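Spelled out from the first residue to the last, the chains are:
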Amino acid sequence: MSKVSGSLNNYNESRFLININSIYNEDFKRGYEALNNLKVEDSVVANLKYFELSGLALLNRDIAAFDKYDQNITQEYYYFSNERASLQNVAEELRNKKLKSPWVAGIATAIIPGAGKFYAGKRGQGIYSFVISMFLALQVWESYRIDGIESPRFIIYGSLFSLFHAGNIWSSALTVKNYNKEYNEAVNYRIKMDLHIPIRSFFN
């Protein structure tokens with residue numbers, strides 16, 4: 001049987017291409033609708049449909065839906081066997097992956113300066129934040145002990161410590177948020193490539 005062999009008409013073909021264009025435009029809902037509403041009798045096309053839907057499920061981080069669609073693939077095909085294995089690996093990774101919480105990073109830093117950066121995997125930044133915070137805190141304490149709470153020195157160092165500490169809390173939360181965003185973007189790129197390659201191979 002040829003790749004297309006007349007079993008895939010222009011309408012069906014357009015549905016798959018709409019899906020590919022939609023996922024690159026981050027419109028996963030439109031891609032899902034294009035394929036989910038597609039009625040096919042040919043087993044080859046049906047398996048390709050389920051493969052593409054399984055990838056869309058991963059883009060939506062719906063592991064249960066991925067499992068359902070992946071189990072509906074009844075036969076391995078050379079044009080997406082490697083990509084199917086890749087999606088299965090991604091699904092397993094997402095199953096076990098626990099993204100870090102910006103809230104945890106912020107609260108940790110509020111309690112121990114620099115702890116949020118350690119949590120985010122930025123140990124160098126964490127040590128730097130801790131050292132600077134401790135230096136300013138010591139200056140605040142020394143100013144209070146020697147000059148009193150109303151002294152200009154205490155007010156200046158107290159303000160500097162407060163500003164640095166608040167900025168450090170915000171920065172720690174933002175660092176984790178950016179880490180999660182970069183991770184998700186990298187995973188989505190892998191999924192999109194796995195979905196694109198079989199369609200290109202199938203129609204060429």
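Novice: If you had to explain a nonpolar patch on the surface to someone new, which residues and values would you point to?
Specialist: Judged by side-chain polarity, Trp-103, Ile-107, Ile-111, Ile-112, Phe-118, Ile-127, Phe-130, Val-131 and Met-134 come together as a nonpolar surface patch covering roughly 950 Å² of accessible area. Mapped by element, the contributors of at least two residues to the nonpolar patch are helix 6 (102–111) and helix 8 (123–147). For the nonpolar patch, the element with the most residues is helix 8, which contributes 4 residues. For Phe-118, the position within the fold is in helix 7 (residues 115–119). Residue classification places Phe-118 among the partly exposed residues on the basis of a relative accessible area of 40%.

Novice: Any chance you could break down helix 6 for me, citing the residues and the numbers?
Specialist: Turning to helix 6, its buried residues are Ala-105, Gly-106 and Thr-109. Seen along its axis, helix 6 keeps its buried residues to an arc of 95°; they face one direction. In helix 6, the exposed residues that point more than 90 degrees away from the buried face are Trp-103 and Ile-111. One side-chain oxygen at the N-terminal end of helix 6 lies 3.2 Å from the backbone nitrogen of Trp-103; it belongs to Ser-101.

Novice: Now, about the packing of aromatic side chains: what can you tell me, with residues and values included?
Specialist: One pass over the structure, following the stated rule, counts 5 aromatic pairs. Relative to Phe-80, the ring of Phe-51 has its centre 4.8 Å away and its plane inclined at 20°; by these criteria the two rings are stacked. Of this pair, Phe-51 sits in helix 3 (residues 43–59) while Phe-80 sits in the loop between helix 4 (63–71) and helix 5 (81–96); the two residues are 29 residues apart in sequence, bridging distant segments of the chain. Using a relative accessible area of 0% as the deciding quantity, one classes Phe-80 as buried. Relative to Tyr-79, the ring of Tyr-78 has its centre 5.6 Å away and its plane inclined at 90°; by these criteria the two rings are edge-to-face.

Novice: Let's hear about the pattern of salt bridges: which residues, and what values?
Specialist: Should their charged atoms come close, side chains of opposite charge can pair. Across all of its chains, the model carries 7 salt bridges by this definition. In this structure, Arg-95 and Asp-67 form a salt bridge, with 3.0 Å as the shortest nitrogen-oxygen distance. Taken together, the positions of Arg-95 in helix 5 and Asp-67 in helix 4 put the pair 28 residues apart, joining distant regions of the chain. A relative accessible area of 39% means that Arg-95 is categorised as partly exposed. Between Arg-95 and Glu-92 there is a salt bridge whose closest N-O contact spans 3.4 Å. With Arg-95 and Glu-92 both in helix 5 and 3 residues apart, the pair spans about one turn of that helix. Residue classification places Glu-92 among the partly exposed positions, given a relative accessible area of 39%. If you follow the salt bridges from partner to partner, you end up with Asp-67, Glu-92 and Arg-95 in one network.

Cut-off values and rules
Residues numbered from 1 in each chain as written. Predicted model: local features only at pLDDT ≥ 70, side-chain atom pairs only at ≥ 80, totals over all residues. Heavy atoms only, no water. Patch = residues over 30% accessible without salt bridge, like charges linked within 9 Å, V, L, I, M, F, W, Y side chains within 5 Å. Areas by Shrake-Rupley, 256 points an atom, 1.4 Å probe, with all protein chains shown as cover. Salt bridge = Lys/Arg side-chain N within 4 Å of Asp/Glu carboxyl O. Helix = DSSP H or I, 4+ residues; strand = E, 2+ residues; numbered from the N terminus. Buried < 20%, exposed > 50% of the residue type's maximum accessible area, 1.4 Å probe, protein only. Arc of directions from axis to C-beta. Polar contact = N/O pair within 3.5 Å; in protein donor to acceptor, adjacent residues only side chain to side chain. Phe/Tyr/Trp six-rings, centres within 6.5 Å; stacked < 30°, edge-to-face > 60°.

Bear in mind that shape data such as this cannot, by itself, settle questions of function.
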